[in-house]
Amino acid sequence: DSGVTQTPKHLITATGQRVTLRCSPRSGDLSVYWYQQSLDQGLQFLIQYYNGEERAKGNILERFSAQQFPDLHSELNLSSLELGDSALYFCASSAGTGFPTQYFGPGTRLTVL
Amino acid sequence: AQSVTQLGSHVSVSEGALVLLRCNYSSSVPPYLFWYVQYPNQGLQLLLKYTSAATLVKGINGFEAEFKKSETSFHLTKPSAHMSDAAEYFCAVTSDSNYQLIWGAGTKLIIKP
């Protein structure tokens, strides 16, 4: 158990809908990272937050957004969902800047029908 | 910019045989290097990491990796494969500037009975 929790574990929704994925980092970790993993694209870094502020952006679509709250949990919002958004979404956390070891949650499997 | 190459999207070995998974990175600046393992339907788990201490790093489950600066490599080995080692393995390296992790494409390890 990495100490990173993600909810829900599974999510099934329809095209055009909006969903929110939630992540709680390890106790004391300030950085949260979001990743998308699909069969065709592999593991893709989406976005990083550090202590409430956006720190780095990867291949995140404009339809996707994230935020980190004062209690350090994070949410990833996916809107106008398309079939191709079906994937595993992982959250990871690390202690912060200069501490690159990331600890991953179990993931949320999103299925868009 | 830093990049990571994992040679072989699939590697197949017999149970009891040597496991060798290859990882090469591009930067001449010694980075931090990581191997993560992902079992089916699970999140990524840290296997081992190199952070500029000993060049031979021992990880969990009998795996180890050797940092070779002259070859810009960080190959993962295990003397004797076990059926439970079947998983996908990811190599990652810190970026040149901000400790972001740059990920390899992953190698699926298949263990033949």
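The structure under discussion appears in the preceding block.
Residues numbered from 1 in each chain as written. Chains lettered and ligands numbered in written order. Predicted model: local features only at pLDDT ≥ 70, side-chain atom pairs only at ≥ 80, totals over all residues. Heavy atoms only, no water.

J.: Sorry if this is basic, but what is going on with the pairing of strand S1 (residues 4-7) of chain B here?
T.: All names here are of chain B. Taking every second residue as pointing to the same face, the buried face of S1 carries Val4 and Gln6, while none of Thr5 and Leu7 on the other face is buried. With four bridges joining them, S1 and strand S3 (residues 19-25) adopt antiparallel strand pairing. Note that in S3 the partner of threonine 5 across the bridge is asparagine 24. (Buried < 20%, exposed > 50% of the residue type's maximum accessible area, 1.4 Å probe, protein only. Helix = DSSP H or I, 4+ residues; strand = E, 2+ residues; numbered from the N terminus. Pairing = 2+ DSSP bridges.)

J.: Can you walk me through the pattern of salt bridges in this structure?
T.: As a working rule, side chains carrying opposite charge can pair if their charged atoms are close by. Residue and element names in this part refer to chain A. According to the stated counting rule, one finds six salt bridges over all chains in the structure shown. Between arginine 63 and glutamate 82 there is a salt bridge, with its nearest N and O atoms 3.7 Å apart. Of the two residues, arginine 63 sits in the loop between strand S6 (53-57) and strand S7 (64-68) while glutamate 82 sits in the loop between strand S8 (74-78) and strand S9 (87-94), which places them 19 residues apart along the sequence. On the accessibility criterion, glutamate 82 (44% relative accessible area) is partly exposed. One network of salt bridges, in which partners are shared, links Arg63, Glu82 and Asp85. (Salt bridge = Lys/Arg side-chain N within 4 Å of Asp/Glu carboxyl O.)

J.: How do you make sense of the sheet that holds strand S1 (residues 5-7) of chain A when you look at a structure like this?
T.: Through backbone hydrogen bonds, the strands of a sheet pair up, either in parallel or in antiparallel fashion. Residue and element names in this part refer to chain A. Spatially, four strands are ordered S1-S3-S8-S7 in an open sheet, and the strand pairing comes out antiparallel. Edge strands, defined here as strands with exactly one partner in the open sheet, are S1 and S7. Neighbour-to-neighbour, the strand axes of this sheet turn through a mean angle of 15 degrees, independent of strand direction. (Axes fitted to C-alpha atoms, helices over the stretch in contact; angles between N-to-C directions.)

J.: Can you help me understand the packing of aromatic side chains in this one?
T.: Each aromatic ring pair is characterised by the separation of its centres together with the angle its planes make. For the structure shown, the criterion picks out 14 aromatic pairs over all chains. When the centroid spacing of 6.4 Å and the interplanar angle of 70 degrees are considered together, the rings of phenylalanine 64 of chain A and tyrosine 89 of chain A count as edge-to-face. Taken together, the positions of phenylalanine 64 of chain A in strand S7 and tyrosine 89 of chain A in strand S9 put the pair 25 residues apart, joining distant regions of the chain. When sorted by exposure, phenylalanine 64 of chain A lands in the same class as tyrosine 89 of chain A, which is buried. Considering the side-chain rings of phenylalanine 90 of chain A and phenylalanine 104 of chain A, the 6.3 Å spacing of their centres and the 75 degrees angle between planes classify their relative orientation as edge-to-face. Within this pair, whereas phenylalanine 90 of chain A is found in strand S9, its partner phenylalanine 104 of chain A is found in strand S10 (residues 103-104), the two being separated by 14 residues in sequence. With a relative accessible area of 0%, phenylalanine 90 of chain A lands in the buried category. A relative accessible area of 3% means that phenylalanine 104 of chain A is categorised as buried. Through a chain of ring-to-ring contacts, the aromatic side chains of Tyr35, Phe45, Phe90 and Phe104 of chain A together with Phe34, Tyr36, Phe90 and Trp103 of chain B assemble into a single cluster. Here the guanidinium or amino end of arginine 26 of chain A rests over the ring plane of tyrosine 103 of chain A, the centre of that ring lying 3.8 Å away. (Phe/Tyr/Trp six-rings, centres within 6.5 Å; stacked < 30°, edge-to-face > 60°. Lys NZ or Arg CZ within 6 Å of the ring centre and 35° of its normal.)

J.: Is there a simple way to think about the environment of tyrosine 32 of chain B in this case?
T.: All names here are of chain B. The topology assignment puts tyrosine 32 in the loop between S3 and strand S4 (33-38). Overall, the relative accessible area of 24% leaves tyrosine 32 in the partly exposed class. For the pair tyrosine 32 and arginine 22, spaced 10 residues apart in sequence, the C-alpha separation works out to 16 Å.

J.: Can you walk me through the interface of chain B and chain A in this structure?
T.: One widely used convention gives an interface's size as the accessible area the parts lose upon coming together. Facing the 16 residues of chain B at the interface are 17 residues of chain A. Between chain B and chain A the total buried area reaches about 1,300 Å² when both faces are included, carbon and sulfur atoms providing 57% of it. Between the two partners, chain B and chain A, sit zero salt bridges. Across the contact surface, chain B and chain A share five residue pairs in polar contact (both at pLDDT 80 or more). Taken together, the residues that form the side of chain B that touches chain A break down as nine nonpolar, six polar and one charged. (Contact = heavy atoms within 4.5 Å. Buried area = accessible area lost by both parts, 1.4 Å probe. Polar contact = N/O pair within 3.5 Å; in protein donor to acceptor, adjacent residues only side chain to side chain. Nonpolar A, V, L, I, M, F, W, Y, C, P; charged D, E, K, R; others polar.)

J.: Sorry if this is basic, but what is going on with the side chain of glutamine 48 of chain A here?
T.: As for its placement among the helices and strands, glutamine 48 of chain A is situated in strand S5 (residues 42-50). Owing to a relative accessible area of 3%, glutamine 48 of chain A belongs among the buried residues under this scheme. Those residues within four positions of glutamine 48 of chain A in sequence are excluded, and the remaining contacts are Ser31, Val32, Tyr33, Glu53, Glu54, Arg55 and Ala56 of chain A together with Gln100 of chain B.

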